[in-house]
Amino acid sequence: MCGRYASTRSADHLVADFDAIGSDVDESLRPSYNVAPTDTVPVVRVSKSQGGRVVDAVRWGLVPSWAKDLSGGARMMNARAESVTEKPAFRSAFARRRCLVPADGWYEWSPKPDGPGKQAWYLNRADGELCVFAGLWEVWGSGEQRVATCSIVTTAASAPLDGVHDRMPLMLAPERWAQWLGETGEADAAALLAPPSAAVLAGIELRPVGPAVGNVRNNDPSLREAVVPVTEPVTLF
């Protein structure tokens with residue numbers, strides 16, 4: 001599952017990172033340390049009309065084109081890799097409208113072993129580079145009512161991340177971006193719908209953070225700060 005994440009790179013930064021030809025993001029998109037469903041987020045997609053990758057701003061929480069309204073989007077912030085090719089809400093987007101979702105890192109919650117409540121965790125790449133999630137995008141409505149939305153594809157988590165949550169975003173290495181976006185001529189991206197390798201997970205840092213991230217009104221860099229000094233790898237339970 002991925003219910004909150006951080007996304008602070010500028011559109012110009014993302015254009016350079018993803019070798020995009022431009023950006024359709026306006027100045028209303030601000031860095032966020034606590035992205036929540038229905039927020040506007042940057043994605044990277046292929047624009048046929050523009051002839052290449054573009055950075056775009058969409059609403060997090062996919063709404064199928066056939067939905068009556070936008071109200072169900074928050075519940076479809078994630079799409080399970082195991083069923084994304086078959087579930088009616090996602091199968092059309094998977095076949096034709098895949099995207100990349102850039103993130104600094106993401107948050108998860110796990111039960112506290114020594115008491116009630118849950119412990120919040122921030123997960124990111126230890127080398128400081130972007131986490132890039134597999135995503136799907138869709139357009140709901142028409143004319144001035146058109147709204148672009150997206151979902152993050154998730155997969156089963158492996159150790160040690162499964163000590164925090166049994167699901168995680170499907171992370172894509174740079175050499176997989178073109179295949180996911182459909183740029184390589186390979187019609188089937190289903191081969192990428194697999195749990196992460198040990199090499200990928202070895203580069204992920206797990207950081208215990210405070211409970212403030214649970215409130216969507218809190219949005220600043222302190223949300224990612226460790227609640228205790230982390231001087232060695234964290235042992236989960």
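Computed from a predicted structure; not experimentally measured. Position numbers for residues count from 1 along each chain, tracking the sequence in the order it is written. Given that this is a predicted model, residues contribute local features only at a pLDDT of at least 70 and side-chain atom pairs are listed and counted only at 80 or more, while totals for whole chains, interfaces and linings are drawn from all residues. Each side-chain value is worked out from all heavy atoms of the structure, with water and hydrogens disregarded.

Trainee: Which residues make up the environment of R91, and what values do they have?
Mentor: Numbering of helices and strands starts at the N terminus; helices are DSSP runs of H or I of at least 4 residues and strands are runs of E of at least 2. Along the chain, R91 falls in helix α2 (residues 91-96). In this analysis, two residues are considered to be in contact whenever any of their non-hydrogen atoms come within 4.5 Å of each other. Those residues within four positions of R91 in sequence are excluded, and the remaining contacts are V84, T85 and E86.

Trainee: Just give me the short version of helix α3 (residues 174-181), but keep the residues and values in it.
Mentor: Think of it in three bands: residues with accessible area under 20% of the maximum for their type are buried, residues over 50% are exposed, and the middle band is partly exposed, with areas taken using a 1.4 Å probe on protein chains only. Burial in α3 covers these residues: W177, Q179, W180 and L181. In the segment just after α3, G182 is the residue with positive phi, at about 80°.

Trainee: Would you mind going over the side chain of R97 in detail, with residue names and values included?
Mentor: For R97, the location among the structural elements is in the loop between α2 and β7 (98-103). A distance of 2.9 Å separates the side chain of R97 from the side chain of S92, its partner in a polar contact. Think of a polar contact as two N or O atoms within 3.5 Å of one another; within protein, one of them needs to be a possible hydrogen donor and the other a possible acceptor, and neighboring residues in sequence only count if both atoms come from side chains.

Trainee: Describe the packing of aromatic side chains, and please don't skip the residues or the numbers.
Mentor: Two aromatic rings from Phe, Tyr or Trp, using only the six-membered ring of Trp, form a pair when their centres are within 6.5 Å; if the ring planes differ by under 30 degrees the pair is stacked, by over 60 it is edge-to-face, and anything between is tilted. Following the criterion strictly, the structure yields six aromatic pairs and no others. Where Y5 meets W60, the ring centres are 5.0 Å apart and the plane angle is 75°; that geometry is what we call edge-to-face. Taken as a pair, Y5 in strand β1 (residues 4-7) and W60 in strand β5 (residues 52-60) lie far apart in primary sequence, 55 residues in all. The burial state of Y5 is the same as that of W60; both residues are buried. Taking 5.8 Å as the distance between ring centres and 65° as the angle between the ring planes, the aromatic pair formed by F94 and W180 counts as edge-to-face. Of this pair, F94 sits in helix α2 while W180 sits in helix α3, and the two are 86 residues apart along the sequence. Taken together, the ring pairs connect Y5, W60, W106 and F133 into an aromatic cluster. Across the ring face of F94, the terminal group of R98 is positioned such that the distance to the ring centre comes to 5.5 Å. For the cation-ring pair, R98 lies above W180, with the distance from its terminal atom to the ring centre recorded as 5.7 Å. For a lysine, the NZ atom is tested; for an arginine, the CZ atom; a charge sits over a ring if that atom is within 6 Å of the ring centre and within 35 degrees of the ring normal.

Trainee: Describe the confidence of the model for the protein chain, naming the residues involved and giving the relevant values.
Mentor: Mean pLDDT over the protein chain: 90, with 95% of residues reaching 70 or higher. Confidence of the predictor in every single residue is expressed as pLDDT, which spans 0 to 100. Confidence drops under pLDDT 50 across residues 229-237; counting only partners more than four residues distant or on other chains, this segment forms 13 contacts.

Trainee: Summarise the nonpolar core; cite the residues concerned and give the values.
Mentor: As used here, the term nonpolar core means buried Ala, Val, Leu, Ile, Met, Phe, Trp, Tyr and Cys residues forming a set that is joined through side-chain atoms within 4.5 Å. Counting 30 residues, the largest nonpolar core has L100, L136 and W180 as its most contacted members. Those elements that provide at least two residues to this core are α1 (11-17), α2, β10 (131-140) and α3. When neighbours within four sequence positions are excluded, L100 is seen to be in contact with F18, V43, V44, V132, F133, L172, W177, W180 and L181. Counting 28 residues, the second-largest nonpolar core is a separate cluster that includes Y5, W106, I152 and A157.

Trainee: Please give an account of the sheet that holds strand β13 (residues 204-209) that cites residues and values.
Mentor: With antiparallel pairing, the five strands of this open sheet are ordered in space as β3-β1-β8-β9-β13. In the strand order of this sheet, the two ends are held by β3 (32-35) and β13, each with one partner. The mean angle between the axes of side-by-side strands here comes to 25°, regardless of whether they run parallel or antiparallel. Note: two strands are recorded as paired if DSSP finds a minimum of 2 bridges between them. Lines fitted to C-alpha atoms define the axes, with helix axes restricted to the stretch in contact, and inter-axis angles between N-to-C directions lie between 0 and 180 degrees.

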